[in-house]
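# Secondary and tertiary structure notes
Given next are the chains, with one letter for each unit.
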Amino acid sequence: MPDIKQLIPQRDPIVEVDELLEASETEAVTRLTVREDNYFVHSGVLQEPGLIEHMAQSAAAFAGNATFLRNEPPHLGFIGEIKRCCIMQLPIVGSVMTTTVSLVSEIAGVSLVKIAIACDSNPVAECQMKIFLKE
Amino acid sequence: MLENSFYKIKECSENHFTIALLPDCDVYRGHFPGEPISPGVCSIQMVKELMERQIGKSLMLTDIKQARFTTLITPVQHHTLDINLELMPIDGAYTYRATVGQGENIFVELKGTASVVQ
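To start, this report covers the structure provided alongside it.

Moving on to the overall build of chain A. Of the regular secondary structure elements, chain A holds one helix and eight strands. Helices (α) and strands (β) of chain A occur, in sequence order from the N terminus, as β-β-β-β-α-β-β-β-β. Computed over C-alpha atoms, the radius of gyration of chain A comes to 14 Å, within 12% of the 14 Å expected from 2.2 N^0.38 for 135 residues, which places it in the range of a compact globule. Seen along its three principal axes, the alpha-carbon backbone of chain A occupies a region of about 40 × 30 × 25 Å. Counting the 135 residues in chain A, one finds 49% classified as buried. The long-range fraction of contacts in chain A, counting pairs at least 24 apart against all pairs at least 6 apart in sequence, stands at 62%. Here chain A displays about 6,100 Å² of accessible surface, and carbon together with sulfur accounts for 50% of that area.

Take the overall build of chain B next. Broken down by element type, chain B carries one helix and six strands. Counting helices and strands in the order they occur from the N terminus, chain B gives β-β-α-β-β-β-β. In terms of C-alpha radius of gyration, chain B reaches 14 Å, essentially the compact-globule figure of 13 Å for 118 residues. If one aligns the C-alpha atoms of chain B with their principal axes, the spans along those axes are about 45 × 25 × 25 Å. Sorting the 118 residues of chain B into buried and exposed places 49% on the buried side. Of the contacts formed within chain B by residues at least 6 apart in sequence, a portion of 57% connects residues at least 24 apart. Only carbon and sulfur atoms are counted for the fraction: they give 47% of the accessible area of chain B, which is about 5,600 Å².

Moving on, we get to the sheet that holds strand β5 (residues 77–87) of chain A. Spatially, β1(A)-β2(A)-β6(A)-β7(A)-β8(A)-β5(A)-β3(B)-β6(B)-β5(B)-β4(B)-β2(B)-β1(B) is the arrangement adopted by the twelve strands of the open sheet, whose pairing is antiparallel. Among the strands making up the open sheet, the edge pair consists of β1 (19–23) of chain A together with β1 (7–12) of chain B. Shown here is a sheet whose adjacent strand axes are inclined to one another by a mean of 30°, direction ignored. Relative to strand β7 (residues 110–119) of chain A, strand β6 (residues 96–107) of chain A is paired through ten bridges, and the arrangement is antiparallel. Paired with Leu103(A) across the strands is Val113(A), a residue of β7(A).

Below, the discussion takes up the pattern of salt bridges. When the charged atoms of two side chains lie near each other, side chains of opposite charge can form a pair. Residues and elements named next belong to chain B. In this structure the tally under the stated criterion is eleven salt bridges over all chains. Note that Glu86 is salt-bridged to Arg97, the shortest N-O span being 3.7 Å. On the criterion of sequence distance, the pair formed by Glu86 in strand β4 (residues 80–90) and Arg97 in strand β5 (residues 93–102) is long-range, its members being eleven residues apart. Assessed through its relative accessible area of 49%, Glu86 is described here as partly exposed. Residue classification places Arg97 among the partly exposed residues on the basis of a relative accessible area of 34%. Through salt bridges with shared partners, a single network forms among Arg68, Glu86, Arg97 and Glu109.

Residue and element names in this part refer to chain A. Relative to strand β2 (residues 27–33), β1 is paired through four bridges, and the arrangement is antiparallel. Within β2, the position partnered with Glu19 by the bridge is Arg31. Between β1 and β2, which pair antiparallel one after the other, the connecting turn spans three residues. In this sheet, β6 lies alongside β2 in antiparallel orientation, the contact comprising seven bridges. Following the sheet pairing, Glu27 is matched in β6 by Ser102.

Residues and elements named next belong to chain A. An ideal rise of 1.5 Å per residue puts 32 Å on 22 residues; helix α1 (residues 48–69) measures up with 32 Å between its terminal C-alpha atoms. The buried count for α1 comes to 17 of 22 residues, which makes it a mostly enclosed element. One or two steps after α1, the chain reaches Asn71, where phi turns positive at roughly 65°.

Formed by 71 residues in total, the largest nonpolar core has its most connected members in Ile52(A), Ile82(A), Met129(A), Phe6(B) and Ile83(B). Apart from the residues lying within four places of it in its own chain, the contact partners of Met129(A) are Ile52(A), Met55(A), Ala56(A), Ile79(A), Glu81(A), Ile82(A), Ser111(A), Leu112(A), Val113(A) and Ile115(A).

What counts and what doesn't
- Residues numbered from 1 in each chain as written.
- Chains lettered and ligands numbered in written order.
- Predicted model: local features only at pLDDT ≥ 70, side-chain atom pairs only at ≥ 80, totals over all residues.
- Heavy atoms only, no water.
- Helix = DSSP H or I, 4+ residues; strand = E, 2+ residues; numbered from the N terminus.
- Rg over C-alpha atoms; globule rule 2.2 N^0.38 Å.
- Buried < 20%, exposed > 50% of the residue type's maximum accessible area, 1.4 Å probe, protein only.
- Contact = heavy atoms within 4.5 Å.
- Areas by Shrake-Rupley, 256 points an atom, 1.4 Å probe, with all protein chains shown as cover.
- Pairing = 2+ DSSP bridges.
- Axes fitted to C-alpha atoms, helices over the stretch in contact; angles between N-to-C directions.
- Salt bridge = Lys/Arg side-chain N within 4 Å of Asp/Glu carboxyl O.
- Expected span 1.5 Å × (residues − 1).
- Core = buried A, V, L, I, M, F, W, Y, C linked by side-chain atoms within 4.5 Å.

The structure is reproduced here in structure tokens:
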């Protein structure tokens, strides 16, 4: 898999995905290890915005992989809507999060995805997200 | 967490806050290089912090029913923002509705339930 910076447009200090592990046309798996210097770590715990940004960037990496295969740079993407976002726990520093992105639909630059984060197969958070890609 | 780095409170009354966005916030180095756009998740965190301030308790955003982002917020175009909060206590949690915008124009709308953290 290509380096994450070839797949997503975000840069430090707000890179919330370490790598894309797998990608098909409809699904992707990403990973992030929670480090002390993460922008959204507070009191040794990754806070809600970090989890949500990680989910959004996992979707960005999934979309970025398709554009990478077409030899294009990643497009800027913006969250249009988040629905039914459940946060079960806030992972502590050192946790390794594995995240699955499933494509529900993609119409005219708007993707609807379902995303779920797990740590050691325990659910951490899940949501549905609508993402707008800037051409 | 983001107060005085991403935003600064200018005015607050019972259910309403006016904040200033801080264009020098570190987050804009990466979101995005040469094109500063306020991350949607920072709006969510800002709303959480303002709700915590309003009720004097720590919250966890356990259930975000819906968050809608209808206008991109940038620190260049949007120097100040108005945040309106409606909170309702229900056993150990609060249901909330919050808007971020300017006057009548709503840029972000959030609805959900947040648990009180002991």
